[in-house]
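# Breakdown of the fold
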Amino acid sequence: MNKLLYGVAYYDEYMPTDRLAEDIQMMQDAGINVVRIAESTWSTHEPQNGIFDFSSVDRVLDAMHEAGIHVIVGTPTYAIPTWMVKEHPDVLAVTKDGAGRYGARQIMDITHPVYLFYAERIIRKLMSRVSRHPAVIGYQTDNETKHYGTAGPNVQLKFVKYMREKYESIDHLNAELGLDYWSNRINSWEDFPAVVGTINGSLGAEFDRFQRQLVNEFLAWQVSIVNEYKTEHQFVTQNFDFDWRGYSYGVQSSVDHYAAAEPFDIVGVDIYHPSQDELTGIEISFGGDMARSLKQKNYYVIETQAQAFSHWTPYPGQLRLQAYSHLASGAEMVAYWHWHSIHNSFETYWKGLLSHDFLPNPVYNEAKTIGADFARLSDQLMGLSKQNKIAILVSNEALSAMEWFKLPDGRNYNDIVRWLYDECYRLNMECDFIFPTTSNIEQYKLIIVPALYAAPDELLHRLNQFVEQGGHIVYSFKSGFANDQVKVRTTVQPAIIEQACGVNYNIFVSPNKVGLRGTINSESGSVESWMELLTPTTAEVLAYYDHPQWGEYAAITRNQYGNGEATYIGCMAPGEVVHHVLRAALERAELYGANQQLPPEVTVKTSLDSDGKEVRFYLNYSAALVQYSYTYTSGKELISGITIESNSLQKLEPWGVHIVQAQ
Amino acid sequence: MNKLLYGVAYYDEYMPTDRLAEDIQMMQDAGINVVRIAESTWSTHEPQNGIFDFSSVDRVLDAMHEAGIHVIVGTPTYAIPTWMVKEHPDVLAVTKDGAGRYGARQIMDITHPVYLFYAERIIRKLMSRVSRHPAVIGYQTDNETKHYGTAGPNVQLKFVKYMREKYESIDHLNAELGLDYWSNRINSWEDFPAVVGTINGSLGAEFDRFQRQLVNEFLAWQVSIVNEYKTEHQFVTQNFDFDWRGYSYGVQSSVDHYAAAEPFDIVGVDIYHPSQDELTGIEISFGGDMARSLKQKNYYVIETQAQAFSHWTPYPGQLRLQAYSHLASGAEMVAYWHWHSIHNSFETYWKGLLSHDFLPNPVYNEAKTIGADFARLSDQLMGLSKQNKIAILVSNEALSAMEWFKLPDGRNYNDIVRWLYDECYRLNMECDFIFPTTSNIEQYKLIIVPALYAAPDELLHRLNQFVEQGGHIVYSFKSGFANDQVKVRTTVQPAIIEQACGVNYNIFVSPNKVGLRGTINSESGSVESWMELLTPTTAEVLAYYDHPQWGEYAAITRNQYGNGEATYIGCMAPGEVVHHVLRAALERAELYGANQQLPPEVTVKTSLDSDGKEVRFYLNYSAALVQYSYTYTSGKELISGITIESNSLQKLEPWGVHIVQAQ
Amino acid sequence: MNKLLYGVAYYDEYMPTDRLAEDIQMMQDAGINVVRIAESTWSTHEPQNGIFDFSSVDRVLDAMHEAGIHVIVGTPTYAIPTWMVKEHPDVLAVTKDGAGRYGARQIMDITHPVYLFYAERIIRKLMSRVSRHPAVIGYQTDNETKHYGTAGPNVQLKFVKYMREKYESIDHLNAELGLDYWSNRINSWEDFPAVVGTINGSLGAEFDRFQRQLVNEFLAWQVSIVNEYKTEHQFVTQNFDFDWRGYSYGVQSSVDHYAAAEPFDIVGVDIYHPSQDELTGIEISFGGDMARSLKQKNYYVIETQAQAFSHWTPYPGQLRLQAYSHLASGAEMVAYWHWHSIHNSFETYWKGLLSHDFLPNPVYNEAKTIGADFARLSDQLMGLSKQNKIAILVSNEALSAMEWFKLPDGRNYNDIVRWLYDECYRLNMECDFIFPTTSNIEQYKLIIVPALYAAPDELLHRLNQFVEQGGHIVYSFKSGFANDQVKVRTTVQPAIIEQACGVNYNIFVSPNKVGLRGTINSESGSVESWMELLTPTTAEVLAYYDHPQWGEYAAITRNQYGNGEATYIGCMAPGEVVHHVLRAALERAELYGANQQLPPEVTVKTSLDSDGKEVRFYLNYSAALVQYSYTYTSGKELISGITIESNSLQKLEPWGVHIVQAQ
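The residue numbering used here restarts from 1 in each chain and proceeds along that chain's sequence as written. Key to labels: chains lettered from A, ligands numbered from 1, both in the order written. Owing to the predicted nature of the model, reporting of local features is limited to residues with pLDDT of at least 70; listing and counting of side-chain atom pairs is limited to 80 or more, with chain, interface and lining totals taken over all residues. As a rule here, side-chain values come from all non-hydrogen atoms in the structure, and water together with hydrogens is ignored.

### A short note on the relation of the copies chain B and chain A
Related by rotation about an axis and a shift along that axis, the two copies of the chain form a pair. Using the following cut-off: We superpose the copies by least squares over the C-alpha atoms of residues that have a pLDDT of at least 70 in both of them.
The operation relating chain B to chain A is a screw motion whose rotation component is 120°, with 0.0 Å of axial translation and a residual RMSD of 0.0 Å. This pairing of chains is accounted for by a three-fold axis. Scanning chain B for the C-alpha nearest the rotation axis identifies B:Gly98, at a separation of 6.9 Å.

### Topic: the interface of chain A and chain C
To keep it simple, the criterion reads: Residues count as neighbours in contact if any of their non-hydrogen atoms are within 4.5 Å of one another. The buried area of a pairing is the accessible area, by a 1.4 Å probe, that goes missing from both parts when the two are put together, added over both. One side-chain nitrogen of Lys or Arg within 4 Å of one carboxyl oxygen of Asp or Glu is enough to make a salt bridge. Counted as a polar contact is a pair of N or O atoms within 3.5 Å, where, for protein atoms, one must be capable of donating a hydrogen and the other of accepting one, and residues adjacent in sequence contribute only when both atoms are in side chains. For the purposes of this entry, the term helix denotes a DSSP run of H or I that reaches at least four residues, the term strand denotes a run of E that reaches at least two, and both are numbered from the N terminus. For this classification, Asp, Glu, Lys and Arg are treated as charged, while Ala, Val, Leu, Ile, Met, Phe, Trp, Tyr, Cys and Pro are nonpolar and the rest, including Gly, are polar.
Contacts between the two partners involve 50 residues from chain A and, on the opposite side, 52 residues from chain C. Buried surface at the junction of chain A and chain C, summed over both partners, amounts to about 4,000 Å²; 54% is from carbon and sulfur atoms. In this structure, the connection of chain A to chain C is made through 0 salt bridges. Taken together, the connections running from chain A to chain C amount to 30 residue pairs in polar contact (both at pLDDT 80 or more). Contributing elements (two or more residues each) for the side of chain A that touches chain C: helix H7 (170-177), helix H8 (201-227) and strand S14 (508-509) of chain A. No other element matches the 3 residues that H7(A) contributes to the side of chain A that touches chain C. Split into classes, the residues belonging to the side of chain A that touches chain C amount to 23 nonpolar, 18 polar and 9 charged.

### Thoughts on the interface of chain B and chain A
Taken residue by residue, the interface counts 50 residues in chain B and 52 residues in chain A. Along the contact surface separating chain B from chain A lie 0 salt bridges. If you look at where chain B meets chain A, you find 30 residue pairs in polar contact (both at pLDDT 80 or more). The set of elements that each furnish at least two residues to the side of chain B that touches chain A consists of helix H7 (170-177), helix H8 (201-227) and strand S14 (508-509) of chain B. At 3 residues, H7(B) tops the list of elements feeding residues into the side of chain B that touches chain A. Of the residues contributing to the side of chain B that touches chain A, the split by class is 23 nonpolar, 18 polar and 9 charged.

### Focus on unusual backbone geometry
Put simply, the rule is: The rule is simple: take the accessible area with a 1.4 Å probe, protein chains only, and divide by the maximum for that residue type; under 20% is buried, over 50% is exposed, in between is partly exposed.
Each neighbour pair has its own omega, and for A:Gln493 with A:Pro494 the value is -5°, a cis peptide bond. In this fold, A:Pro494 is placed in the loop between strand S12 (472-476) and helix H16 (498-501). Residues other than glycine seldom take positive phi values, yet B:Ile496 does so here, at roughly 65°. Residue placement: B:Ile496 occurs in the loop between strand S12 (472-476) and helix H16 (498-501). By relative accessible area, B:Ile496 is classed as buried at 13%.

What follows is the structure, encoded as structure tokens:
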């Protein structure tokens, strides 16, 4: 679609009374121009096995079309009907916790032929019904798809075959995974034990990888079916979601998003985030950077919060700030979960744009201003692009491996990602995400590498080469430690990358009242979670540990290697220290500039519009009026239409937004 | 019985040696005039299937009768014998956690015909043996009966039939419970999924209600059997227990006490409460008010603590204060769990009146004074009655619904009940409890309504009418929100009652550093748990929120409606604020008086004796000597026999009691 | 072996490459003279049912022999191969949590004939292969053997037979265990319910005892097989481990170590302990005292930590201090778990002497100095013996009973053991452990008795007699309360021992802001966990409770009885108070001396060498240099060879050690 989409999820099926006309009127008033329908209502559309009823789809499509509102149709496969479970109880996924039971959504075995048979049938029925309807602009396959821990006997059998194909020989398998340990050795493929009880982290991580691959296969299969029906101007998307920690943040542990995104036309995502006094924009930025990076292009925010939970209901001005923050990261659609608030069942307190009373309310009223602005600014804000020079390398394999080998204080991979990403955000260091299989690493000037705990040799060599050829890398502790099979490398650590980092260690300890001292100093906190006792070979020491016993060892180092530099942070240093380290890296990579000198409340995001002009979003993440210096070529603030002079001092209202298009 | 009963639970079966004669002698010394026997010793009385041995019952009955001690005989059905489980393992309740296993009591499926067959047989055997014995004054059916989560396939089948009868059509069922959501729709009765996995709060709450109904049916069935045997002067009671939070407090979630009490002659209850420095009398008062309200008449405290746990062993004087506190609420029996302390098994540290050594001890010695006083004062303290003008409306349906939709900080329905009840107690506002099906609402002048979250329309309309006709109501937040099927109402909130309350909201948030400001002010704390952003229509605002973003909204309001007034507390305000609100409501309902002006340590409870004279219990819940003004007609302090002049200053010993009978 | 052994666990099977030659060279450099092999690699040695491959054993034996390094061969039975579980899934132990699943070690039913058949076969194959090899000095049967909670139907059947044999009649069974309670009575042996669900503590504790007996039987069976093969100079040991609370401490709940040790030639143990700033030596001392006491002779530390976890990696000097601390308690072998750090699977972060890179590191370098010293001092430090006058009486039965009847604050038996043992350690009171079945109680002058909650009458009478004949005992609260069937005694408490203690109680409460006052006073804390309200009959009161309600009762008493004295500590008093009580007991038992007057950082341990000379280990458990007075006959410090004059002031380096042999 060549316009900004402002949308909601809409379920005529959930309405306590027939309100379609009133709802559409209120949507129009709010500038809503797209709705997402159908993806979780299989039991309504196929009330009995083989009996179909798409009347609610039909009537919504017709009414929306008449109102000029577009529709994205979801395949209804992520929540299975009661009749299917009664007929075939074995469609429920068997997990490490045992047999499943009916009730929630996302409980089936996504590899089960019974499920796949019925899923394919309803997809085809639905597609053939809607694909020619003029309201339909695209499709979503399934929703927030994951593997749901499926691990029953049929999945185990597939896994054994996968392992035989991958490792070929029993001896190779045992050696790579270290199965001799505690007598776990498998001496015949027939003896392969159910993997759900394994205590072997290498085997466990392989199973995690296998399960993630099931998701890729399932989604690609759905896309292939939908593609048979979709017309020229329609798209297929998926609603990816991030790790859930009470909100959306972090690499998704159950899906390899980078691989899974391949068959889709455009990436869609869920982004739910803290709000009220905890609204910082970090989660919006993280989710946006990740979504944009999956296919290196703009994306849709398919679900984000309107009122949502009682602790998220936005303060006046926040809904608007959030909407522009999504655009600033590259979103071309912002849609709310969901239109109204649900009157029964489970998500009653996950409130929509409307409350349960369907009346206008302060949040809806704020949405009306957003919808109007989106419509007015659509031409200028569509087709924005980014040319980031900084990337963060993340890895499902590293995440999975660190679940099997947790840090002593319970912090996990995404905690380390967040620890680094937060400081990037605070420094207005706009970045992309890259992945172990990314081909375009070399386009960046600075790469941040959180805890690349499990990685193949080639990747580490490639990163060395990147530095050698003039790139900058900032590594965290734990990087390089194990290979792709989560076998710890037998060489000196940090394995392979020690070449570029110019530093060694073979002892690591848990910090207990440990500070840092050195050129990058901090009085603002102590080391947490993990510390590696570093000895530089060629590196310069940025900080030593401040501790009576470990004081001789380095904590943070920087090394010139070829034409580039590698910084190694050997411990979970205080955020302020990370801030200094990243800032130094920015400077040395010649990326430091005006954006790093804004007041701390102000986030700036830069894009190029379709004419190649720079468009900057200035976002005030505070309840106070703040001032900032606009230091670029003079331009126009798009919302107000006011001209902004170069080097002028600008005022941003509480939770305010400026969009400055440089001339 | 037309005398005060002072009793213990007594199990000859648990005695390590034959001590019946010594025990009876010690009971007589302590004024014990009733024992409760037999309710948990099925395996002794029916050692093998169909082989009965009531010799321990016989010998206890004979010996007690000879000693002039009355006996209440329990049906032994709440703990099943080993042979039954070996013969029919399926008598164990299957719950949402899976199959049961033998060991604890209260583990059977109370609907299972095998269990019912054996239960009926032993009840009839026991009844036919004891009902003519002159020692027997009454019966207890089962004990602390609940549904034990029974939810196996047979219970599921009953439930589906119950649902079909209640909802009649599939479409009605799906619409009322919102089953379209997440594809939970049931399109054929045959498809009805096992309810134990449901995530639908409306369906879940229906199942809770159905399970509570099983308890009613089971108890009524037992009573009908016992009634065939009981003689003219015998009674049938049940030992009801309250929600267990380490002690007895709150509406029982698994039983609808009001309905379950119907077939019984008199209500019996468990009341266990904090002690030592935490003894306040609140739990005794709550339990008593509830017990008295179930049949609107006096009740028996069938179990309360003697020594009990190591953190409850009473300080000198507390056992006596507790005993009179029960009488002050309307109890006509106070009985301890239990006579001695148990030497094996599970409740070894739930100590009785005697320690394991069976010797006199300080607690037993204090009981001797109580027994003597009870005997002496029995004529004056029997047949007391109350004419409370205040009632608290509680609801199993609201409780259950709030379990499905918990407050964000985990507080539950009974936390809100307690938050209001505690302040009533501190204000010496004596109250009854009323229930959604209570017919006599109109006899009160002031009704307190905690979180009436799920309620039928008729009840809310009736409450509006109560106000219109001159009544006063104090509502808490969450009232009126959902209907009886836990479907959120689609009207403006607080639904229906907004008419009497003159206030609206459609946004609610979690408080975070929120105070209150207004005519009822408080510097003593902040709002917790929940806050509704109220906008008055016709109401007067008693307090606004003190918060930079939500400060425009009202927190507590009061509205004139017809001839009455409704106060609405939109948030979990600090206790002190509630105190002020309730006090204002008391004043406006013309119920404020001398009892509200006593020192905080002094609780007063008022009854009428059988001659219509006022009898007031003054209870000193502190370790200090306190003074209070006696402001009523001069009277006699019954324990000491001393005359109390009107408007005299009285001294109450630490943990002391005065019982003043006005002349 | 007539020399000090310094060793490591070594698994050629786990090595990522063939490193045997390099490893042996590095071992020789470090003075390693023994390795332990084979005990957890069944799946390598029997890759398929009945197909054996001991090539890794052969090659290690040959290479070690050539290098002069001894080998202890373990039977590989504690981790079963995959093929066995595939063939016979029922070898997995069924526990109270249900069926087992493959993955971890120690998951089988040690009573299952299939397991026993295969275990016997591989033991015989291995023994016949290695027993004549000159490298082999001994054997370890299995490893850290426990019952793994085995409780399936076959175990239940055995248990019923055990109970029938023990209790003979049903009536006796029911009476002793109190099964009438809550209808748990068993009226026919056929009705005996699965014990896993029991709530009867007496029955539960019987099952615990039965399960511990299964371990004894299993180990004795293994020893009997190995004994058929072992040659004259070889030994058989077992690696016992203590209760695991994140480190090794306390009586092992699943094994009766005293009985289990009987068939072995020498006791071996695991000792893992806190380190870095938490290194105190207490756990080393506890484990050593226990190990030495099992057979009243010296023992092997079969596993202790080298680098281990990130929070245990030793500070410089600590590894050496630890090694000598083991010798000081009577160890003649100190071996690390394990040689290298593991590259896959589960214990990757339980690091060995070498890191994953196999390079020398600071910990390995420190081991080199230890190995050299051990070799040099072997003659002088072998064959040390102790003649302690103090014993601590511990009991599996008391431990188990207190698991069924926990203290209100969750403290358990081993918490009470630790509370007393810690103060003994701080007072340099060297002690042995004794057990309910120990025959040599009378050789001691002072016995400490922590919480002897369940004990047979005879034991208590024997302790009374010990006092009467001149002995000193310090009892803690809870002693004497229940008999061996965990039936609370019906006599006055502390039952039976009240005779020697001269004190009574029948009320106990939970302390809440309770201090102590009296001749042994303390301002350093309050009573925790438990307090018995003591009334002395003949005892002297050492401390009363300081509390407004319980102040009349005694807390700590001492009683002259016959020629001896019994102190009774009725509450969990602050450590400082225990310190005073123990010190007074020491004085009165005429055991107080110079060792009690050392600086708090200095631990001293005394042995006699084979010539009868006293050898004292002075151990500095601090990071500071400390001074102490050497007050004994002048002697020689063995490590430095320097002469130590009597009454000289000595300096101990941080984490330093002196070994002074008196001349």
